[in-house]
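# Notes for the structure review
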Amino acid sequence: MRIVSLLPAATDLVAELGRLPDLVGRTHECDWPAGVESVPVVTGTGVDDRALSSREISDAVGGSTHRGSSLYTLDTDLLAELRPDVVLTQDLCEVCAVSYHRVSDAVRVLDAGPRVLSLEPRTLAGVLDCLNLVGEALGVPEVAAARAAALRRRLEAVRSRVAGRARPRVVAVEWLDPVWPAGHWVPEQIGHAGGAALLAEPGEHTEPIQWAAVLDARPEVLLVLPCGFPPERTFAELSALTERPGWSALPAVRDGAVWVLNGPAYFNRPGPRVVRGAEILAHLLHGVELDPPLAPGEARRAATPARERS
């Protein structure tokens, strides 16, 4: 079977199912697991986000409307040459990947029409359902069922280990300027990890908010996980938050509970690694032991507790 993934999370799912050798095409953003870089790239972007600030990127992709119409390009000639049997895409957010409708239009002209499967999870359960859906499409339903069950057990283990503990008030930010609270599955990750998620509900497709909403929420923990930004990029632009009025008065800042996380790996993409994301949060919120231990590239403290500064 020949697979083309037009969504980084879908590539994660393919890898989880042991079908990476069948992947013949991927997006320019697929960066995991190791070895995927040798797979031909069938997408591009009209926005050089390396040269733009968060505000400039937001303006370029349509601001709060999330238009994304010119954000991604699809190499239809290469797609035809790759002769895929299955194309994995999405229709949840045009700023996240090539949309289902654009892919459907592209494959109509191919001689042998591949199956186009759209993945649109909004919750943790939806992510695991996608694993089963992709497993069925790739002919490995038993593998998918076993992997989904293992991931559910890990989520339940996280929830059990923090049960009964005080739940700190948590704000998760998935974009710096404008400030955008993390929705979809992230509030559930926080809940499983023993926190109380603020400013977004599970499954919610959020919108930009005023900074005053963060100040009013008075989070005890602030998670910074911009969509598509590795931690080093986030730290380079953290002033978009730290220079806002009232920053130093936030309880999370005073207590040194501001964390920069690897958003693309564990929080932005609806793939199996969201389970590791919940485990990481349980470690940060409650000191739950991690196996393997927390790596510097997964989470780093962005504010030093006031008592350590004095």
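Shown above is the structure to which this text applies.
First things first, this report covers the structure right here in the doc. None of the values given here were measured: they were computed from a predicted structure.

Within the chain, the regular secondary structure consists of 14 helices and twelve strands. Buried positions account for 55% of the 310 residues belonging to the chain. In the chain, the share of contacts with a sequence separation of at least 24, taken over all contacts with a separation of at least 6, comes to 68%. Taken as a whole, the chain presents about 13,500 Å² of accessible surface, with 49% of it coming from carbon and sulfur.

In this section: the pattern of salt bridges. Any two side chains of opposite charge can pair if their charged atoms end up close together. Under the definition given, this model contains ten salt bridges. Notably, a salt bridge pairs E156 with R159, separated by 2.7 Å at the nearest N-O pair. Here the residue E156 and the residue R159 both occupy positions in helix 6 (residues 141-162), the gap between them amounting to three residues, near one helical turn. Residue class for E156 comes out partly exposed when judged on its relative accessible area of 39%. Among the ionic pairs, E298 bridges to R276, the shortest N-O distance being 3.0 Å. Of the two residues, E298 sits in the loop between helix 13 (274-286) and strand 12 (299-301) while R276 sits in helix 13, which places them 22 residues apart along the sequence. For the pair E298 and R276, one class covers both residues: buried. Salt bridges sharing common partners tie together R55, D177 and R244.

With the exception of glycine, most residues fall at negative phi, and the peptide bonds are largely trans. The residue after D177, namely P178, is reached through a cis peptide bond having omega 5°. Its place among the elements puts P178 in the loop between strand 7 (169-175) and strand 8 (180-181). Cis geometry marks the peptide bond from D291 to P292, where omega comes out at 5°. You will see that H184, though not glycine, has its phi angle at about 50°, which is positive. With respect to the helices and strands, H184 occurs in the loop between strand 8 and helix 7 (186-192).

The next point concerns the sheet that holds strand 2 (residues 23-25). Read across the sheet, four strands follow the order 2-1-5-6 without closing on themselves; strand pairing throughout is parallel. Two strands lie at the open edges of the sheet, namely strand 2 and strand 6 (115-118), each paired on one side alone. Neighbour-to-neighbour, the strand axes of the sheet open up by a mean angle of 30°, direction not taken into account. Its contacts with the sheet put helix 1 (residues 8-16) on strand 1 (3-5), strand 2 and strand 5 (86-89), and the angle it makes with strand 1 is roughly 140°. Helix-sheet contacts for helix 5 (residues 124-137) involve strand 5 and strand 6, and the interaxial angle to strand 6 is about 175°.

The next point concerns the packing of aromatic side chains. The full count for this structure, using the stated rule, is two aromatic pairs. Across from the ring centre of F229, 4.2 Å away, lies the NZ or CZ of R233, which sits over that ring.

The geometry of helix 6 relative to helix 13 is characterised by a closest axis approach of 9 Å and an angle of 15° between their N-to-C directions. One way to sum up the angle between helix 6 and helix 13 is to call them roughly parallel. The handedness of the crossing between helix 6 and helix 13 is left-handed. Here helix 6 contributes L151, R154, L155, V158 and V162 to the contact with helix 13, which in turn contributes V275, R276, A278, E279, A282 and H286.

So, about the nonpolar core. Core analysis: the biggest nonpolar cluster contains 56 residues, and L88, L119, V134, L138, L223, L261 and L281 have the highest contact counts within it. Per element, the largest residue contribution to this core is eight residues, and it comes from helix 13. Sequence-distant contacts of L138, that is, excluding residues within four places in its chain, are made with M1, I3, V14, L17, R19 and V86. Judged by nonpolar contacts, the second largest core, of 18 residues, contains V171, V173, V224 and W247.

With that settled, consider the environment of V260. Position of V260 relative to the elements: it lies in strand 11 (residues 258-261). For V260, a relative accessible area of 0% gives the class buried. Along the sequence, V260 and T234 sit 26 residues apart, while their C-alpha atoms lie 7.2 Å from each other. Ignoring anything within four residues of it in the chain, the contact list for V260 reads V224, P231, T234, F235, L238, E298, A299, R300 and A302.

For helix 13, which comprises 13 residues, the first-to-last C-alpha distance of 18 Å matches the rise-based estimate of 18 Å (1.5 Å per residue) to within 8%. Within helix 13, twelve of the 13 residues are buried, which leaves it mostly tucked inside the rest of the structure. Trailing helix 13 by a residue or two, G287 shows a phi angle of about 70°, which is positive.

Our next topic: the pairing of strand 11. Burial of strand 11 is two-sided: the residues V258 and V260 facing one way and the residues W259 and L261 facing the other way are all buried. Bridge count between strand 11 and strand 12: three bridges; the pairing is antiparallel. Along strand 12, the bridge assignment pairs V260 with R300.

Definitions and limits used
- Residues numbered from 1 in each chain as written.
- Predicted model: local features only at pLDDT ≥ 70, side-chain atom pairs only at ≥ 80, totals over all residues.
- Heavy atoms only, no water.
- Helix = DSSP H or I, 4+ residues; strand = E, 2+ residues; numbered from the N terminus.
- Buried < 20%, exposed > 50% of the residue type's maximum accessible area, 1.4 Å probe, protein only.
- Contact = heavy atoms within 4.5 Å.
- Areas by Shrake-Rupley, 256 points an atom, 1.4 Å probe, with all protein chains shown as cover.
- Salt bridge = Lys/Arg side-chain N within 4 Å of Asp/Glu carboxyl O.
- Pairing = 2+ DSSP bridges.
- Axes fitted to C-alpha atoms, helices over the stretch in contact; angles between N-to-C directions.
- Phe/Tyr/Trp six-rings, centres within 6.5 Å; stacked < 30°, edge-to-face > 60°.
- Lys NZ or Arg CZ within 6 Å of the ring centre and 35° of its normal.
- Parallel < 35°, antiparallel > 145°, perpendicular 65-115°, else oblique.
- Left-handed = near helix turned anticlockwise from the far one by under 90°.
- Core = buried A, V, L, I, M, F, W, Y, C linked by side-chain atoms within 4.5 Å.
- Expected span 1.5 Å × (residues − 1).

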